[in-house]
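Geometric and topological summary
Listed below are the residues making up each chain.
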Amino acid sequence: FDPKGKSDREVMAFCQSFMTELFRHIGADTDVPAGDIGTGAREIGYLFGQYKRLSGLYEGVLTGKGLSYGGSLGRTQATGYGLCYFVKNMLEANGRSFSGATAVVSGSGNVAIYACEKAAQMGAKVVAMSDSNGYIYDRDGIRLDVVKQIKEVERGRIREYAARVPGSEYHEGCRSIWTVKCDIALPCATQNELDLDSAKTLIANGCYAVGEGANMPTTLDATNLLLEKGVLFAPGKAANAGGVATSALEMSQNSQRLSWTFDEVDEKLKGIMAGIFQKCQEAASEYADKPTNYVIGANIAGFLKVAEAMNAQGIV
């Protein structure tokens, strides 16, 4: 089902039909879905409403819910903000900072928009964003209010930015965004969007840090090249964990019938991302003697957590 061009009524009908089949298999203590590409607050609302009608239960069975029916402040921003918190820790551990850096953020969904917002708050200038058709370049720094109006309110295409902001440019072809010169690259669109040629271009243009906001946006050969050339690399399995971490915070609030402030949620998110970075760094140093290889660190730390839990519970 492709929601592009569909009315709210058509999207609602699809979500309701989908949940009519799904509701038997999920639950607050069974399996808790969350949104992703194409599934935002509107869709979660339709899904949750149908689940509640069918099950008769008002529980935290979906995350990313609206604030009027059990959602959490900060959940929309969580993945993008969490990415920047992880990258901030990574940069500072290596004597660098967001402050004064030029950044490129691919995508223009929730992750990209709020990664752009937080990177700018931390002192970076984000000069490019994209969608599946192409990318915009604004040498003065992306005006995020315009992007939010186009993507969140109007559900339009990123090309409309160039018509509204004098001096900005629109270019067809989303992959070409990596030709824009930057210090920090944050791929936040989709899987395998940053390939080997793009990695070579980033390196040639002096990029010194890449942080994955999407799920596996960098191909394996591109990842290996970036690591080989000494580019700081924050792998998605660690760097984009802020979304699911805040989903867990939303579930905690649902279970306790509480509602935390934005600052409370954001502070918890900062601590979680700092802890994840520390675990990656420690595992990379202890087991591979490569303290700046956060890919190895994330793999080892993740494996150890699962392996120790399996051993404790008895391997079958």
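Provided above is the structure to which this section pertains.
Residues numbered from 1 in each chain as written. Predicted model: local features only at pLDDT ≥ 70, side-chain atom pairs only at ≥ 80, totals over all residues. Heavy atoms only, no water.

**Remarks on the overall build of the protein chain**
In terms of helices and strands, the protein chain carries twelve helices and seven strands. The principal-axis extent of the C-alpha atoms belonging to the protein chain is close to 55 × 55 × 35 Å. Taking all contacts inside the protein chain whose residues are at least 6 apart in sequence as the whole, residues at least 24 apart take part in 64%. Summed over all atoms, the accessible surface of the protein chain reaches about 15200 Å², with 51% contributed by carbon and sulfur. (Helix = DSSP H or I, 4+ residues; strand = E, 2+ residues; numbered from the N terminus. Contact = heavy atoms within 4.5 Å. Areas by Shrake-Rupley, 256 points an atom, 1.4 Å probe, with all protein chains shown as cover.)

**Regarding the pattern of salt bridges**
Applying the stated criterion to the full structure yields 13 salt bridges. The closest approach of N and O atoms between Asp 8 and Arg 42, which form a salt bridge, is 2.6 Å. Placement of Asp 8 in helix H1 (residues 8-22) and of Arg 42 in helix H2 (residues 41-55) is noted, with a sequence separation of 34 residues between them. By relative accessible area, which is 44% here, Asp 8 ends up partly exposed. With its nearest N and O atoms 2.9 Å apart, the salt bridge here joins Glu 43 to Arg 42. Taken together, the salt bridges that share partners define one network made up of Asp 8, Arg 42 and Glu 43. (Salt bridge = Lys/Arg side-chain N within 4 Å of Asp/Glu carboxyl O. Buried < 20%, exposed > 50% of the residue type's maximum accessible area, 1.4 Å probe, protein only.)

**Things to note about the layout of surface pockets**
When its volume is computed, the second largest pocket comes out at roughly 460 Å³. As for the second largest pocket, its lining consists of 16 residues, and the residues nearest its centre are Ile 276, Lys 279, Ala 301, Gly 302 and Lys 305. Going through the elements one at a time, helix H9 (236-239), helix H11 (262-288) and helix H12 (294-313) are the ones with two or more residues in the lining of the second largest pocket. For the lining of the second largest pocket, the element with the most residues is H11, which contributes seven residues. Among the residues making up the lining of the second largest pocket, the classes are represented as nine nonpolar, one polar and six charged. (1 Å grid on protein atoms, 1.4 Å probe; cavity = no way out; pocket = protein on both sides within 12 Å on 5 of 7 lines; lining within 4 Å. Points joined across faces, edges and corners; volume = space filled by probe spheres on them. Nonpolar A, V, L, I, M, F, W, Y, C, P; charged D, E, K, R; others polar.)

**Quick look at the sheet that holds strand S5 (residues 184-187)**
Read from one edge to the other, the open sheet built from seven strands follows the order S4-S3-S2-S1-S5-S6-S7, with strand pairing classed as mixed. Two strands lie at the open edges of the sheet, namely strand S4 (169-172) and strand S7 (232-234), each paired on one side alone. Averaged over all adjacent pairs, the angle separating strand axes in this sheet is 15°, with direction ignored. (Pairing = 2+ DSSP bridges. Axes fitted to C-alpha atoms, helices over the stretch in contact; angles between N-to-C directions.)

**Some points on the pairing of strand S2 (residues 125-130)**
Taken across its six residues, S2 has five buried, putting it largely inside the fold. When strand S1 (residues 102-106) meets S2, the two strands line up parallel, connected through three bridges. Paired with Ala 103 across the bridge in S2 is Val 126. Assessed by its sense of winding, the connection that carries the chain from S1 through helix H4 (residues 110-121) to S2 is right-handed. (Right-handed = clockwise from strand over helix to strand, strands pointing away.)

**What about a nonpolar patch on the surface?**
On the surface, Phe 1, Phe 14 and Phe 18 cluster together into a nonpolar patch covering about 310 Å² of accessible area. Structurally, the position occupied by Phe 14 is in helix H1. (Patch = residues over 30% accessible without salt bridge, like charges linked within 9 Å, V, L, I, M, F, W, Y side chains within 5 Å.)

**Concerning the side chain of Ser 72**
Structurally, the position occupied by Ser 72 is in the loop between H2 and helix H3 (78-93). Classification of Ser 72 by relative accessible area gives buried; the value is 5%. Side chain to side chain, Ser 72 and Gln 253 meet in a polar contact 2.9 Å long. Ignoring anything within four residues of it in the chain, the contact list for Ser 72 reads Lys 65, Leu 67, Glu 250, Gln 253 and Val 265. (Polar contact = N/O pair within 3.5 Å; in protein donor to acceptor, adjacent residues only side chain to side chain.)

**Comments concerning the packing of H3 against helix H10 (residues 242-256)**
Where H3 contacts H10, the two axes come as close as 7 Å, and the packing angle between them is 120°. The orientation of H3 relative to H10 falls into the category oblique. Judged by the twist between their axes, the crossing of H3 over H10 is right-handed. Contacts from Ala 78, Thr 79 and Gly 82 in H3 reach Gly 242, Gly 243 and Thr 246 in H10. (Parallel < 35°, antiparallel > 145°, perpendicular 65-115°, else oblique. Left-handed = near helix turned anticlockwise from the far one by under 90°.)

**A short note on the nonpolar core**
Within soluble globular proteins, side chains that are nonpolar tend to cluster in buried spots. Counting 48 residues, the largest nonpolar core has Phe 98, Met 129, Val 147 and Ile 184 as the members making the most contacts within it. The leading source of residues in this core is H3, at nine residues. Discounting residues that sit within four places of it in the chain, Met 129 has contacts with Val 105, Gly 107, Ser 108, Ala 112, Ile 113, Cys 116, Tyr 135, Ile 136, Ile 142, Leu 144, Val 147 and Ile 177. Formed by 21 residues, the second largest nonpolar core is a distinct cluster that contains Ala 128, Trp 178, Val 180 and Ala 185. (Core = buried A, V, L, I, M, F, W, Y, C linked by side-chain atoms within 4.5 Å.)

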